[in-house]
Amino acid sequence: FAPVGTLVIDGKVSSRTNVGCEMTVDRAGEVGFHDADVHPDLESYATVIGAGPRVLQDGRLCQQTTDLHDPNVLGETLRTMVGRQPNGDAVILVTLGTASLGRAGMALLAAGARDGMLLDGGACLTLYYDGQYLITPERSLTNLLVVAMP
């Protein structure tokens, strides 16, 4: 299996696409977002994860124009999303029911985020915490977002 979106691990580009949005984490741990068709110096980041459309930018819901055409992405489905609060903290949310792109953006706003994007959802929706699955994926996963506390 290969990742669908851009993937950078420890500054090394594993996969590169021009689709969707990318979450960047710099070497100081700062989280940012940009559209995948913008070409930053990817090697300058510790981590880059490319995924679904951006749903929140500068505290506003994004227009639902996207280069993604998959009805499973654009329709109502289970969602995983990541955002950045004004103080720089990241927030990760999953839905327990289906949500549209707009509702996903509103959930990030309600959690205090000003910027955010979707990660994989639907059958890939997974949440693993403290040694156990809280939400089990329905299929094999090609990549993961792991948050580890020092």
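Structure: see above.
On a predicted model such as this, the values are computed, not experimentally measured, just so you know.

### Focus: the nonpolar core
Next, step 1: With 10 residues, the main nonpolar core is built from Leu7, Cys21, Met23, Val25, Val31, Phe33, Ile49, Val82, Met117 and Leu119.
Next, step 2: Put simply, the parts of the chain that give this core at least two residues each are β3 (21-25), β4 (31-35) and β10 (115-119).
Next, step 3: Ranked by residue count, the leading element in this core is β3, at three residues.
Next, step 4: Apart from residues no more than four positions distant in its own chain, Leu7 is found in contact with Lys12, Val13, Ser14, Ser15, Val48 and Ile49.
Next, step 5: If you look at the next biggest cluster of nonpolar residues, it comprises nine residues, including Leu56, Met81, Leu101 and Ala113.

### Some points on helix α2 (residues 101-110)
An α-helical turn contains 3.6 residues, so any two residues separated by three or four positions project in the same direction.
Next, step 1: Inspection of α2 places Leu101, Ala104, Gly105 and Leu108 among the buried residues, and these make up the whole buried set. Buried residues of α2 fall within an arc of 100° about the axis and therefore sit on the same side. Structural note: α2 exposes Arg103 and Ala110 on the side pointing more than 90 degrees away from its buried face.
Next, step 2: Once α2 finishes, Gly112 follows within two positions and takes phi at roughly 90°, a positive value.

### What about the pattern of salt bridges?
Next, step 1: With the rule as written, the count across this model stands at three salt bridges.
Next, step 2: Among the salt bridges present, the one from Arg16 reaches Glu22, with a minimum N-O distance of 2.5 Å.
Next, step 3: Note on Glu22: relative accessible area 0%, which makes it buried.
Next, step 4: With a closest N to O distance of 3.7 Å, Arg54 and Asp35 form a salt bridge. Taken together, the residues Arg54 in strand β6 (residues 54-57) and Asp35 in strand β4 connect sequence positions 19 residues apart.
Next, step 5: Since its relative accessible area comes to 35%, Asp35 is described here as partly exposed.

Calculation rules
- Residue numbers here run from 1 along each chain, matching the order of that chain's written sequence.
- This being a predicted model, a pLDDT of at least 70 is required before a residue's local features are given, and a value of 80 or more before pairs of side-chain atoms are given or counted; all residues contribute to the totals for chains, interfaces and linings.
- To obtain the side-chain values, all non-hydrogen atoms of the structure were used and water was disregarded.
- We define a nonpolar core as any set of buried Ala, Val, Leu, Ile, Met, Phe, Trp, Tyr and Cys residues linked to one another through side-chain atoms lying within 4.5 Å.
- Exposure is judged per residue with a 1.4 Å probe applied to protein chains only, and the accessible area is read against the type maximum: over 50% gives exposed, under 20% gives buried, and values in between give partly exposed.
- Secondary structure elements are defined from DSSP: runs of H or I of at least 4 residues count as helices, runs of E of at least 2 residues count as strands, and each element is numbered from the N terminus.
- Pairs of residues are marked as contacts when any of their non-hydrogen atoms sit within 4.5 Å.
- The arc under discussion is defined with respect to the helix axis, by the directions toward the C-beta atoms.
- Any Lys or Arg side-chain nitrogen found within 4 Å of a carboxyl oxygen on Asp or Glu counts as a salt bridge.

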